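Overview (structure and organization)
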Amino acid sequence: MKLRNVGVSSRLIMSPWFLGALSAVFGLVSTLTPVKFYEQVLGEENLMFMNFKLYGIITSLVLLYILFAILGSKILFAKTKRDSENITKPETVGAQIGLIIVFSISLLSIGSILRTISLNEIIGAFTSGGGGSLRTNIGQAQSDARLGWTKDFSTFLLLYGVWIYFKSKSSDLTAMYRCIFFSTTASFILMTVLTLTRGPLINFLIMSAVIFISAKFSNRLIPIGKLFMVSLVGALLIIGFFFVVASARSVKTDSADTPIRAILGYFPASYNRAAYVIENKLHYPNEGGFYTLQGLINPPYIGKALDTYAEMRLFGLRVPRSDEEDWFSQFDAVRSAGLNQAYIWATTFGWAWADIGPWSYILFILYGFLSGVCFSLFRASTIFGIIFYPYIVCTISQWNAGLLIVQRSTTLAIVAIIIIQFIVKFLKEKRQYVSSTVGN
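Residues numbered from 1 in each chain as written. Predicted model: local features only at pLDDT ≥ 70, side-chain atom pairs only at ≥ 80, totals over all residues. Heavy atoms only, no water.

A look at the pattern of salt bridges
Any two side chains of opposite charge can pair if their charged atoms end up close together. As enumerated under the stated definition, the model contains 2 salt bridges in all. A salt bridge links Arg 335 to Asp 332; its shortest N-O distance comes to 3.0 Å. Of this pair, Arg 335 and Asp 332 both sit in helix H17 (residues 323-336), 3 residues apart, which is roughly one turn of that helix. Overall, the relative accessible area of 44% leaves Arg 335 in the partly exposed class. (Salt bridge = Lys/Arg side-chain N within 4 Å of Asp/Glu carboxyl O. Helix = DSSP H or I, 4+ residues; strand = E, 2+ residues; numbered from the N terminus. Buried < 20%, exposed > 50% of the residue type's maximum accessible area, 1.4 Å probe, protein only.)

Structure representation (structure tokens):
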């Protein structure tokens, strides 16, 4: 059999159990980084290498996740399944409205940044580095304008427009839709680049890749060669953007910012911190429930307006005064544990274990079940599945980082889904009403 005729099922490679297993294997393999090399580069003790306690906890959490993801995917949503693979006009118009909202938000956010930080300063960060403090100032400007939520929210609204673009036949896409889509995408990219942040654009690329593969290879085998090329191009784009922004935020004379150190710092080092957590040698400043409930107790916009953190402290709960305070104190906690303070991630597993200990098993059961249900809804082409399942994939791809699934971005995804659902439903009902009126 020729290699070009060999393919992999798109359903398999897009499933949460396959992606979860792949992410976990990649992470565990990274713990096998030679001890002396790791310690010499990062200047910290390596506890992750051949740490069977670490391996046991992570493996059991992942196996539970996979098992319940499979169970969740068995739930059939026959009533929510689309009647046709064709994209309806209300769906296309709904996507256009969503894109216009994203375009407006992007311009508003760009304007708030440029009112505080000059464009020359931002360009200077990309050409000469040293943009770390600049990023902090930009973040503060966004926070003061209460626009910190805009990047994540825009990502989810834009995602529905991406699905319409890839799922529709080329002949069905109007020139207006193409114009709005590409203009909005460009404005979104500009907004994220100006904030000197990597996350939103990397997340968008990952989620768009999920939609692209699903739309182009639905229920078909993906040729190994094509899968390899798509994966390679996607990985290069993400890694390239990662290092471009890292370079912009770093000081060129600092040896800590070499590519090798950055790779070790953002991948194996996260598992080393997880090992420190499991060995009870690293404690994060507000562990004990805050990190797994942060998205609930401090919802976007509302949390700051109502100062929910202050309300929680009145009840004696251990929460910071602000997200910024918690973030800065994490660096202190890592340094106090004798680790390189430049890298604070402890993996999804480490953060969960630090926060709720053995209750992490319940969290991963729920996480897995939700992933399976969303995968089922995604395959049924529902609006909820189209937006939320790629986000689930995004959280899996970042198991080396933190507890993304319980952050405020999850709330923003649900809000975006509700808005798109409302717009499309309204347009469909209006279309039905007009049709029935004309018919009578």
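On we go from here.
Let's talk about the side chain of Glu 287
On the secondary structure map, Glu 287 appears in the loop between helix H13 (268-278) and helix H14 (290-297). Among the polar contacts listed, one links the side chain of Glu 287 to the side chain of His 283, at a separation of 2.8 Å. Of note is the side chain of Glu 287, whose polar atom sits 2.8 Å from the backbone nitrogen of Tyr 284. (Polar contact = N/O pair within 3.5 Å; in protein donor to acceptor, adjacent residues only side chain to side chain.)

Thoughts on the environment of Tyr 38
Locating Tyr 38 in the fold gives a position in helix H3 (residues 35-42). The class for Tyr 38 is buried, based on a relative accessible area of 0%. As a C-alpha pair, Tyr 38 and Leu 264 span 226 residues in sequence and 7.5 Å in three-dimensional space. Not counting residues up to four positions away in its chain, the partners in contact with Tyr 38 are Thr 33, Gly 43, Glu 44, Asn 46, Met 48, Pro 268, Ala 269, Asn 272 and Arg 273. (Contact = heavy atoms within 4.5 Å.)

Quick word on the packing of aromatic side chains
Following the criterion strictly, the structure yields 32 aromatic pairs and no others. Plain terms: the ring middles of Tyr 65 and Tyr 367 are 4.9 Å apart, the flat faces sit at 65° to each other, and that makes the pair edge-to-face. Taken together, the positions of Tyr 65 in helix H4 (residues 52-73) and Tyr 367 in helix H19 (residues 360-379) put the pair 302 residues apart, joining distant regions of the chain. Its relative accessible area of 0% is what places Tyr 65 among the buried residues. On the accessibility criterion, Tyr 367 (4% relative accessible area) is buried. Between Phe 156 and Tyr 391, the aromatic rings sit 5.3 Å apart at their centres with planes inclined by 90°, giving edge-to-face as the arrangement. Of the two residues, Phe 156 is situated in helix H8 (residues 150-167) and Tyr 391 in helix H20 (residues 383-397); the sequence distance between them amounts to 235 residues. (Phe/Tyr/Trp six-rings, centres within 6.5 Å; stacked < 30°, edge-to-face > 60°.)

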